[in-house]
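Survey of secondary and tertiary structure
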Amino acid sequence: MLAAGCGQKRQEPLVTPWGEVMDSIPDDDFDLDDIQLNGEMIALTLTGPDTYYDYRGRHLGAQYLMAQRFAHKLGVSLRMEVCRDTTEMLQRLADGEADFICYPLGKEGPGWMVGEGKDELQDELREWYRPSLLAEVKRQEQYLLSSRSVRRRVFAPMLNRSGGVISHYDGYFQRYAQTIRWDWRLLAAQCYQESTFDPRAQSWAGACGLMQIMPSTADHLGLHRSQIYNPEQNIAAAVRYLAELEHSFADVRERSERIKFVLAAYNGGGFHIRDAMALARKYGRNPLHWRDVEPFVLKLSQPQFYNDPVVRNGYMRGSETVDYVRRIHDRWNGYRGVKTIKSAGPAGVPQKARRERKKKFQI
C-alpha cells in the first residue's frame, strides 16, 4: 500500500533586504523529474533489523535494500535519514524534508508513504514494486551476512604446531604487534578470524586482505589502495587502526579489558560499543568491564534497547561481535597453549570436572 503524505510544506514569510514582509510564495512540488535532475532521493526510516542498520561500515536492512533498488532504477543516489519514531517521520515528510518514508506503514506492498504533491514519484513506485521483491532482498541480505559472501581460501589456523609457527606472516605480526605492545599471537589470532590467513580475501562489503581493511579505512590510514592486498602493508595499516582504537578506549584503563573493547570495535564499530557501554552504565553495570558490557552488545538487537534514549546509533548485530571477540581469545589461548574453560558451575567447577564427579557418585 502506497500512501500520499497528509500535510503541506511549511511556508516561511519572505523578507526584503529593506525589511518589508511579503506574502510567501508556494514552492513548486519537488516531484520525480526534479529528483532525477537533482540526482538524489531522500527517504526517512527507523533503525531496525528489517529496515536499516549499519553493518561493518555498510548499510543493510530489507527496506533499505528495496529503496536502494528503486533509487538505482531511477538513476539517483539514496540518502537515508533515521528518525526516532513514526511521529517524527510523518512530521518531517509533511514539512517537505524528504521524498518518502521507507518504513512498512501498511500491510500491503512496501507500505511506504510518499510526500504530498509527488504524484509522479508515487505512480513510478507503484509501477516498479512487485510482491516478490521483499523476499528477494531478504535472500540477498542473508547471503551477504553469511560466510559464503566472503571470497577467501581457508588455511590451517596453525602452520607448524610443534615448531610454534602459526603462519607465513609471523614475522610481520611480531614486528608490528610491538608498536602497540600486543602479543603477536593475539594479532595472528585476529588475522585468522578476519581472513583465515588468505591475503587475497575480499568481503561483499569491499573489505580486503589479511586484516579485511575497507578501502575508505585504507585511505584514512594512509594505505594506498594498490597496496591493500600486500600482506605487510595490510597488517601494518591494521595495527595503526588498532592503535587508534586503543586511544579511543583509553578510559578503559585495564589493558586486558581494553583489548576486548578494541577487538569488538574493530568488528562492530566503536560507536555501537559506546552505545552498549552507555546501556551498561544505565542499568548499573560497569561500563569499563567487557563481561558487563557484552550482554548489552547482544541486547542492541532488541527494540527495547536499540530504541533506548541513551543509544545513539540504533540496531546492531551484536551476536556476531560477541562471537568475534570470544573466538579470537580462544584461538589466542590455543596459540599460547592456554586451555580455555568454556563455562563453570556455581562453585567455579568446570563442566568436565562436574561430569566426572557425577559419574563417581553414580550407583
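Computed from a prediction, not measured in an experiment: that's the story for all the values here.

1. Re the packing of aromatic side chains
- Inspection of the entire model under this criterion finds 15 aromatic pairs.
- For the ring pair Tyr283 and Phe305, a centre distance of 5.8 Å and an interplane angle of 55° mean the geometry is tilted. With a gap of 22 residues between them, Tyr283 in the loop between α11 (270-282) and α12 (290-299) and Phe305 in helix α13 (residues 303-306) connect regions that are remote in the sequence.
- Since its relative accessible area comes to 39%, Tyr283 is described here as partly exposed.
- On the basis of relative accessibility, which here comes to 7%, the residue Phe305 falls in the buried class.
- Three or more aromatic residues link up through ring pairs in this structure, and these residues are Phe70, Phe100, Trp112 and Trp128.
- One Lys or Arg, Arg200, reaches over the ring of Tyr229 and ends 4.0 Å from the middle of that ring.
- Sitting above the plane of the Trp332 ring, Arg336 keeps its charged end 3.7 Å from the centroid.

2. Here we look at the confidence of the model for the protein chain
- Taken as a whole, the protein chain shows an average pLDDT of 87; of its residues, 84% reach a score of 70 or greater.
- For residues 6-11, every residue scores under 50 in pLDDT, and the model assigns this stretch 16 contacts once sequence neighbours within four places are set aside.
- Taken as a whole, residues 343-363 scores under 50 in pLDDT and shows eight contacts with residues more than four places along the chain or in a different chain.

3. Here we look at the pairing of strand β4 (residues 40-45)
- Among the six residues of β4, five are classified as buried, and the element is accordingly described as predominantly covered.
- Note that β4 and strand β7 (residues 77-82) share six bridges and pair parallel. Pairing of Met41 across the sheet is with Leu78, part of β7.
- Bridge count for β4 against strand β8 (residues 100-101) is two bridges, and the pairing is parallel. The residue bridging Ala43 from the neighbouring strand is Phe100, located in β8.

What counts and what doesn't
- Residues numbered from 1 in each chain as written.
- Predicted model: local features only at pLDDT ≥ 70, side-chain atom pairs only at ≥ 80, totals over all residues.
- Heavy atoms only, no water.
- Phe/Tyr/Trp six-rings, centres within 6.5 Å; stacked < 30°, edge-to-face > 60°.
- Helix = DSSP H or I, 4+ residues; strand = E, 2+ residues; numbered from the N terminus.
- Buried < 20%, exposed > 50% of the residue type's maximum accessible area, 1.4 Å probe, protein only.
- Lys NZ or Arg CZ within 6 Å of the ring centre and 35° of its normal.
- pLDDT = per-residue confidence, 0-100.
- Contact = heavy atoms within 4.5 Å.
- Pairing = 2+ DSSP bridges.

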